[in-house]
Amino acid sequence: MKNLFTLTAVALAVSACSTLPSPPTSQAVELKFAAQINGQPFACGQRYEGVGSTRSTITPSDFRMYVSEVKLVRQDGSTVPVQLAQDGVWQQQSVALLDFENGAGPCRNGTEATNTSVRGQVPAGEYTGVELTVGVPFAQNHQDPTVAPAPLNSTAMFWNWQGGYKFIKFDTASSGISTDKPAAANAMGPVTRYSVHLGSTACAGESKTQAPSACQNPNRMTVRFDGFDLRKNTVVADMGAVLAQANVDVNAKGTSPGCMSFPKDGDCPPVMQALGLAYDGVAAAGPQRLLSKR
């Protein structure tokens, strides 16, 4: 009888263990972003002083950017891709659109909805850093946005099939811009804004309506932050740091307002330097200054 009780107890213990829940194999993650201009929170219609080489006052009208290939960093330095939630609005495959404008005031050409985080799943574990790319991967960068799934269906974030998407779209008006200044006029007419539109350039294709075979200047930025705690830290995108050495009051003659990433634009060298990207064959002197961790 004693042996029977012992066998029964063992059987009950084994049964209890078999019903315990298995440890999770994956975990949800959210990477938070914040937009700033010289350390001040970005807001449509707000005026920001002390911007650029002329310490001008600007009023932004757009701030959006694509990020892709988001990864978390393990303690040993290896990386694990974040499987993005396919929400049908902001995230598709490995690409996410961050939208800091809300369509109000001077941002009237934008959208009311905003998005300030990237969400997904990773294998369960401990992570000590994050890595991401500003830009759209080549395989998705050259297509027809009118039939592409969201968020790659934004025509406001697109140049053409040959050039692809605008990885960063920042538009602003400067208090120093005056339409009666000769330096503020070009072939397109008087300058009324200063923009930074980052994208791939010198893309080899038969026409602007065909996808290219390659781009001489991919202009994608890969950024890594070690010692990054997803529960506490935020990735800050500060356009004031990008414009610190740029003259936002004037525009190089015969070019689009501000820097559109295209070669031979006199407004681009200080902007591309601040983005940590080579420009016109000249390598950046230092790392990118757009993104930081907080």
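Residues numbered from 1 in each chain as written. Predicted model: local features only at pLDDT ≥ 70, side-chain atom pairs only at ≥ 80, totals over all residues. Heavy atoms only, no water.

1. Observations concerning the environment of D226
Part 1 of the reasoning: In this structure, D226 sits in strand β19 (residues 221-226).
Part 2 of the reasoning: Residue classification places D226 among the partly exposed residues on the basis of a relative accessible area of 48%.
Part 3 of the reasoning: Sequence-wise, D226 and E131 are 95 residues apart; in three dimensions their C-alpha atoms are separated by 8.6 Å.
Part 4 of the reasoning: Discounting chain neighbours no more than four positions away, the residues touching D226 are V73, T128, G129 and K293.
Part 5 of the reasoning: A polar contact is formed between the side chain of D226 and the side chain of R224, at a distance of 3.3 Å. (Helix = DSSP H or I, 4+ residues; strand = E, 2+ residues; numbered from the N terminus. Buried < 20%, exposed > 50% of the residue type's maximum accessible area, 1.4 Å probe, protein only. Contact = heavy atoms within 4.5 Å. Polar contact = N/O pair within 3.5 Å; in protein donor to acceptor, adjacent residues only side chain to side chain.)

2. Examining the state of the cysteines
Part 1 of the reasoning: What the rule picks out here adds up to 3 disulfides.
Part 2 of the reasoning: The partner cysteine of C44 in its disulfide is C107, sulfur to sulfur 2.2 Å. Across the disulfide from C44 to C107, rotation about the S-S bond amounts to roughly -100°, and the bridge is consequently left-handed. Placement of the pair is C44 in the loop between β2 (40-41) and β3 (48-51) and C107 in the loop between β8 (95-99) and β9 (117-123), with a sequence separation of 63 residues. (Disulfide = S-S within 2.5 Å.)

3. Re the packing of aromatic side chains
Part 1 of the reasoning: One pass over the structure, following the stated rule, counts 7 aromatic pairs.
Part 2 of the reasoning: The interplanar angle of 70° and the centroid separation of 4.8 Å between the aromatic rings of F158 and Y165 together place this pair among those described as edge-to-face.
Part 3 of the reasoning: In this structure F158 comes out as buried when scored by relative accessible area, which is 10%.
Part 4 of the reasoning: Overall, the relative accessible area of 0% leaves Y165 in the buried class.
Part 5 of the reasoning: An aromatic cluster is present here, built from F42, F63, F100 and F170 joined pairwise through their rings. (Phe/Tyr/Trp six-rings, centres within 6.5 Å; stacked < 30°, edge-to-face > 60°.)

4. Concerning the pairing of β19
Part 1 of the reasoning: Side chains of β19 alternate between two faces, with M221, V223 and F225 buried and T222, R224 and D226 left unburied.
Part 2 of the reasoning: Two elements, strand β10 (residues 129-134) and β19, share 6 bridges in a ladder whose sense is antiparallel. In the sheet register, E131 faces β19, and the bridge partner there is R224. (Pairing = 2+ DSSP bridges.)

5. Things to note about the confidence of the model for the protein chain
Part 1 of the reasoning: On average, residues of the protein chain score 87 in pLDDT, and 86% of them reach the 70 mark or higher.
Part 2 of the reasoning: Every residue in residues 179-190 scores below 50 in pLDDT, and together they form 20 contacts with partners more than four places removed in sequence or on other chains. (pLDDT = per-residue confidence, 0-100.)

6. Digging into the nonpolar core
Part 1 of the reasoning: Ranked by internal contacts, the top residues of the largest apolar core, which has 63 residues, are M65, L275, L290 and L291.
Part 2 of the reasoning: At 7 residues, the largest contribution of residues to this core is made by strand β4 (residues 56-73).
Part 3 of the reasoning: The residues touching L290, leaving out its near neighbours within four places in the chain, are M65, I168, M221, V236, A237, D238, M239, V242, A274 and L275. (Core = buried A, V, L, I, M, F, W, Y, C linked by side-chain atoms within 4.5 Å.)

7. Considerations on the layout of surface pockets
Part 1 of the reasoning: The calculated volume of the largest pocket comes to roughly 260 Å³.
Part 2 of the reasoning: Lining the largest pocket are 13 residues, with Q27, Y127, D229, L230 and R231 sitting closest to its centre.
Part 3 of the reasoning: When residues of the lining of the largest pocket are assigned to their parent elements, the largest contribution, 4 residues, is made by strand β1 (residues 26-37).
Part 4 of the reasoning: Grouping the constituent residues of the lining of the largest pocket by class yields 6 nonpolar, 3 polar and 4 charged.
Part 5 of the reasoning: A volume near 220 Å³ is recorded for the second largest pocket.
Part 6 of the reasoning: Lining the second largest pocket, in full, are W159, N160, Q162, G163, S200, T201, A202, C203, K208, M260 and F262.
Part 7 of the reasoning: Contributions of two or more residues to the lining of the second largest pocket are made by β11 (158-160) and β17 (201-204).
Part 8 of the reasoning: Top element by residues in the lining of the second largest pocket is β17. It accounts for 3 residues. (1 Å grid on protein atoms, 1.4 Å probe; cavity = no way out; pocket = protein on both sides within 12 Å on 5 of 7 lines; lining within 4 Å. Points joined across faces, edges and corners; volume = space filled by probe spheres on them. Nonpolar A, V, L, I, M, F, W, Y, C, P; charged D, E, K, R; others polar.)

8. A few points about the side chain of S56
Part 1 of the reasoning: Structurally, the position occupied by S56 is in strand β4.
Part 2 of the reasoning: Polar contacts involving the side chain of S56 include one to the side chain of D249, which spans 2.7 Å.
Part 3 of the reasoning: In contact with S56, other than residues within four places in its own chain, are Y48, E49, G50, V51, S174, S175, V248 and D249.

9. Examining unusual backbone geometry
Part 1 of the reasoning: In the segment running from A150 into P151, the intervening peptide bond is cis, with an omega of 5°.
Part 2 of the reasoning: Turning to its location among the elements, P151 is positioned in the loop between α2 (138-141) and β11.
Part 3 of the reasoning: Phi at N219 takes a positive value of approximately 55°, unusual for a residue other than glycine.
Part 4 of the reasoning: If you trace the backbone, N219 turns up in the loop between β18 (214-217) and β19.
Part 5 of the reasoning: Among the residues examined, N219 registers a relative accessible area of 7% and is labelled buried.

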